[in-house]
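Report on the structure
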Amino acid sequence: MLVTIYHAAPDFKFANGRSSFSYWGVDSEKEQIKQELHLEALGKYPEVATIEVDTTDVQKALGLAYQFSNHIESDWSENEGVTLYVDSVRSSSVGDVFELNDEVYIIAGFGFDKLQ
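In this text, all values refer to a predicted model and were calculated from it rather than measured experimentally.

Each value, and the rule that gives it
Residues numbered from 1 in each chain as written. Predicted model: local features only at pLDDT ≥ 70, side-chain atom pairs only at ≥ 80, totals over all residues. Heavy atoms only, no water. Helix = DSSP H or I, 4+ residues; strand = E, 2+ residues; numbered from the N terminus. Buried < 20%, exposed > 50% of the residue type's maximum accessible area, 1.4 Å probe, protein only. Areas by Shrake-Rupley, 256 points an atom, 1.4 Å probe, with all protein chains shown as cover. Phe/Tyr/Trp six-rings, centres within 6.5 Å; stacked < 30°, edge-to-face > 60°. Polar contact = N/O pair within 3.5 Å; in protein donor to acceptor, adjacent residues only side chain to side chain. Contact = heavy atoms within 4.5 Å. Core = buried A, V, L, I, M, F, W, Y, C linked by side-chain atoms within 4.5 Å. Salt bridge = Lys/Arg side-chain N within 4 Å of Asp/Glu carboxyl O.

**Here we look at the overall build of the protein**
- If you tally the helices and strands in the protein, you get two helices and six strands.
- Helices and strands in the protein line up, N terminus first, as β-α-β-α-β-β-β-β.
- The buried share of the protein, taken over its 116 residues, is 42%.
- In the form shown here, the protein has an accessible surface area of approximately 6500 Å², with 50% of it arising from carbon and sulfur atoms.

**Description of the packing of aromatic side chains**
- Within this structure, the stated rule accounts for one aromatic pair.
- On the numbers, 5.8 Å between centres and 35 degrees between planes, the contact of Phe-98 with Phe-112 is tilted. Of this pair, Phe-98 sits in strand β4 (residues 97-100) while Phe-112 sits in strand β6 (residues 112-115), and the two are 14 residues apart along the sequence.

**With respect to the side chain of Ser-92**
- Locating Ser-92 in the fold gives a position in the loop between β3 (82-84) and β4.
- Of note is the side chain of Ser-92, whose polar atom sits 2.9 Å from the side chain of His-7.
- One polar contact links Ser-92 to Ser-69, side chain to side chain, over a distance of 2.8 Å.
- Discounting residues that sit within four places of it in the chain, Ser-92 has contacts with Ile-5, His-7, Tyr-66, Ser-69, Asn-70, Phe-98 and Ile-107.

**Points about the nonpolar core**
- Grouped together as the largest cluster of nonpolar side chains are 18 residues, with contacts concentrated most on Val-3, Ile-5, Val-53, Phe-98 and Leu-100.
- Those elements that provide at least two residues to this core are β1 (2-6), β2 (47-52), α2 (58-68), β4 and β5 (103-107).
- For this core, the leading source of residues is α2, giving four residues.
- Formed by 13 residues, the second largest nonpolar core is a distinct cluster that contains Tyr-6, Ala-8, Phe-14 and Leu-115.

**Looking at the pattern of salt bridges**
- Applying the stated criterion across every chain, the model contains two salt bridges.
- Measuring nitrogen to oxygen at the nearest pair gives 2.9 Å for the salt bridge that ties Glu-103 to Lys-114. With a gap of 11 residues between them, Glu-103 in strand β5 and Lys-114 in strand β6 connect regions that are remote in the sequence.
- Classification of Glu-103 as partly exposed rests on a relative accessible area of 27%.
- Take Lys-114: its relative accessible area is 35%, and that puts it in the partly exposed class.

In structure tokens, the structure reads:
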């Protein structure tokens, strides 16, 4: 499965002023992220990479993509299956977005929230 990785821009703020790293999973935050993804040209949620993962299970694919998009023992852009679209990357974190099979998931404090 191919997972597309979108990272919240450093200046992204929810309407209440909190950063994407303080994502709580409330509907207003989900709606704002959905709108920002549609306005990708504004740079609030740029596509940073794709990662090919060896599974057909969606939850496992999300977990592997999260693991492979974090600096653990080395820069994650060097991991097998990664195609990078930016010059440098940070680790994926709460509030970032993964897309696979035309469905969008937000990294939550625990697991992933599907964006409807």
